[in-house]
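# Topology and contacts: notes
Here is what each chain is made of, one letter per residue.
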Amino acid sequence: MTDISRRDFTKSSFALGATTALSSMRVLGANDRVNLALIGCGDRGQQVWGFFLKQPDLNPVAVADVYAPNMAKAAEMAASKAAGKVVQHGDFRRVLEMKDVDAVQVGTPDHWHAIPTILACQAGKDVYCEKPLSLFVSEGRKMVEAARKHNRVVQTGSQQRSGAHYQKAIQMIHNGDIGGVHKITASFTRNVVPGFKPTEGLTPDCPKDLNWDMYLGPAPKVPYDPFRFLYHFRWFWDYSGGQMTNWGAHNLDIARWALKAKGPMAVAAFGGRYAIKDGGETPDVQEVIYQFPDAIVTWEGREVNRLRDEYLVFHGTKGSLSIMRNGFTILPEVSKAKSRNTTPAMEGMEMKATDGDATNPHVRNFLDCVKSRRRPNADVEDGHLTAVMCHLGNIATRLNRMLKWDAERETILGDREANLMLSRPYRKEWKLV
Ligand SMILES: NC(=O)c1ccc[n+]([C@@H]2O[C@H](COP(=O)([O-])OP(=O)(O)OC[C@H]3O[C@@H](n4cnc5c(N)ncnc54)[C@H](O)[C@@H]3O)[C@@H](O)[C@H]2O)c1
């Protein structure tokens, strides 16, 4: 696996920036195949790659990962579909230098979303980047700026936005069909006690086919720890924000869409890792309250005692709309006020999902936008604003105090310590742009 020093990276990022105008930005017609490369070939990376590979107008050209077995698997998945040999690189920057790559799919952990996305935009590639769009607020804003500056299509991997029943539900809410929505309840709950610490199957030594330094990238240098590697990076602040950014990025995205809001005015939160004693850092119990001008949104994250699955409920004055990936249900409201009649305020309704978890229409929407140059369903700006909502929930939880948010200026009012948490220093020699 090629190991390029971080100093070289800085140089190469400049080089990529400088060659933007030279990169081959093809104008694609409806029948052209989009040349796609995958960066980060783990669990979700392979899932979405699989959906891309099913599209008739898709040509897989390259894969990049710091962990060779995952990269080899993604290349193998693509082999029969590819027009040529699927190129494999341990360093994603080599993929961005390939002139024949039109677009990249970024499936790396959260701490590795911003740099590949921004460099890809500079290199003239369109980007499908997993949610949560960023690890911290300032990264997301820079990602939006890069997409706009280089006129790139950047789709956030918030696939619920492409689900037919989510689109119908939002349309009904915006039409006022369930009345005024003044409360939204969002959650993710499950029971994972006693926790995730790997006890078998993984050696304490860094696997030979893993470039651990490149895996850490801009995050602080720590010795190899299998717990911080595949999937479980989610429980460490250096790489992710726990279930707040993992599932919050899905359901709070729909909540914010329904409210047509940039962000909340205030956030209060409590939480901690109370029950799970596995060495992870992010909360296993978390309650967050967001204040919007005319509505309260609450987020409940719980890894202890499931009771019921994740849910998202829009409480309207005429009815409540409860939505999950398998469909939605509207229960009509009946006024309890004396002297009012008890006729339900609206008809009840159900709609079943027809497109699974909606990843298929989401990748389709991305490819269509690559060709039409339209903004995709989960445009980078929406991905950013939703990630901000999640990050604010975590900052309020960690500081244990209420935050006042100025969504226009993207700043926390009157709280220097909290504002410092909107960005984090990168490891020496790595830079955002
Ligand atoms: N949209 C969804 O429904 C959904 C579902 C699951 C995960 N996700 C998101 O997908 C992302 C990945 O999650 P996962 O569970 O697949 O993680 P994972 O640990 O299974 O995979 C991450 C992969 O990225 C690779 N990687 C790390 N640094 C890299 C680098 N510098 N260059 C290239 N590859 C690198 C790792 O080696 C690994 O193969 C996360 O941001 C997560 O939030 C989204």
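It should be emphasised that the depicted structure is a prediction, and the values quoted were computed from it without experimental measurement.

## Quick notes on unusual backbone geometry
With an omega of -15 degrees, the peptide bond between Lys 131 and Pro 132 qualifies as cis. By the secondary structure assignment, Pro 132 is in the loop between strand 5 (126–129) and helix 6 (137–149). Cis geometry marks the peptide bond from Val 193 to Pro 194; its omega dihedral reads 15 degrees. With respect to the helices and strands, the residue Pro 194 is situated in the loop between strand 7 (181–189) and helix 8 (212–216). One non-glycine residue with positive phi stands out, namely Tyr 231, at about 65 degrees.

## Remarks on the sheet that holds strand 5
If you trace the six strands from one edge of the open sheet to the other, you get 3-2-1-4-5-6, paired in parallel fashion. Looking along the sheet, the strands with just one partner apiece sit at the ends: strand 3 (87–89) and strand 6 (154–156). Averaged over all pairs of adjacent strands, the angle between their axes in this sheet comes to 20 degrees, without regard to strand direction. Where strand 1 (residues 34–39) and strand 4 (residues 103–106) come together, four bridges link them in parallel fashion. Among the inter-strand pairings, Leu 38 is bridged to a residue of strand 4, identified as Gln 105. Relative to strand 5, helix 5 (residues 114–122) is tilted by about 165 degrees, and along the sheet it contacts strand 4, strand 5 and strand 6.

## Focus: the domain arrangement of the protein chain
Frequently, the measure chosen for interface size is the accessible area removed from exposure when the parts meet. When the domains of the protein chain are assigned, the result is domain 1 (6–161 + 362–381) and domain 2 (165–196 + 226–355 + 386–420). Placing a centre on the C-alpha atoms of domain 1 and another on those of domain 2 gives a separation of 28 Å. Contacts between the two partners involve 19 residues from domain 1 and, on the opposite side, 27 residues from domain 2. When the buried surface of domain 1 facing domain 2 is broken down by residue, Val 137, Gln 160 and Arg 161 rank first, second and third, together holding 41% of it. With its nearest N and O atoms 2.9 Å apart, the salt bridge here joins Asp 253 to Arg 161. Run the count over domain 1 and domain 2 and you get eleven residue pairs in polar contact (both at pLDDT 80 or more). Here the side of domain 1 that touches domain 2 is composed, by residue class, of seven nonpolar, eight polar and four charged.

## Some thoughts on the environment of Asp 382
Summarising the element assignment, Asp 382 is placed in helix 12 (residues 380–399). Judged by its relative accessible area of 22%, Asp 382 falls in the partly exposed class. In this structure, the C-alpha to C-alpha distance between Asp 382 and Asp 253, residues 129 residues apart in sequence, is 7.9 Å. When neighbours within four sequence positions are excluded, Asp 382 is seen to be in contact with Arg 161, Asp 253 and Arg 256.

## Here we look at the confidence of the model for the protein chain
When the pLDDT values of the protein chain are averaged, the result is 92; 92% of them are 70 or greater. Within the model, the stretch residues 1–23 combines pLDDT values under 50 with 47 contacts to residues more than four positions away or in other chains.

## Some thoughts on the site of the ligand
Surveying the vicinity of the ligand reveals 30 residues, the closest of which are Arg 44, Asp 65, Asn 70, Asp 110 and Tyr 231. Note that an oxygen atom of the ligand is positioned 3.0 Å from one of the side-chain N or O atoms of His 113. Applying the majority rule of atoms within 2 Å of the grid points places the ligand in the largest pocket. The set of elements that each furnish at least two residues to the shell around the ligand consists of helix 2 (43–53) and helix 8.

What counts as what
Residues numbered from 1 in each chain as written. Predicted model: local features only at pLDDT ≥ 70, side-chain atom pairs only at ≥ 80, totals over all residues. Heavy atoms only, no water. Helix = DSSP H or I, 4+ residues; strand = E, 2+ residues; numbered from the N terminus. Pairing = 2+ DSSP bridges. Axes fitted to C-alpha atoms, helices over the stretch in contact; angles between N-to-C directions. Contact = heavy atoms within 4.5 Å. Domains from an automatic or database assignment. Buried area = accessible area lost by both parts, 1.4 Å probe. Salt bridge = Lys/Arg side-chain N within 4 Å of Asp/Glu carboxyl O. Polar contact = N/O pair within 3.5 Å; in protein donor to acceptor, adjacent residues only side chain to side chain. Nonpolar A, V, L, I, M, F, W, Y, C, P; charged D, E, K, R; others polar. Buried < 20%, exposed > 50% of the residue type's maximum accessible area, 1.4 Å probe, protein only. pLDDT = per-residue confidence, 0-100. Near = heavy atom within 4 Å. 1 Å grid on protein atoms, 1.4 Å probe; cavity = no way out; pocket = protein on both sides within 12 Å on 5 of 7 lines; lining within 4 Å. Sits in = over half its atoms within 2 Å of the grid points.

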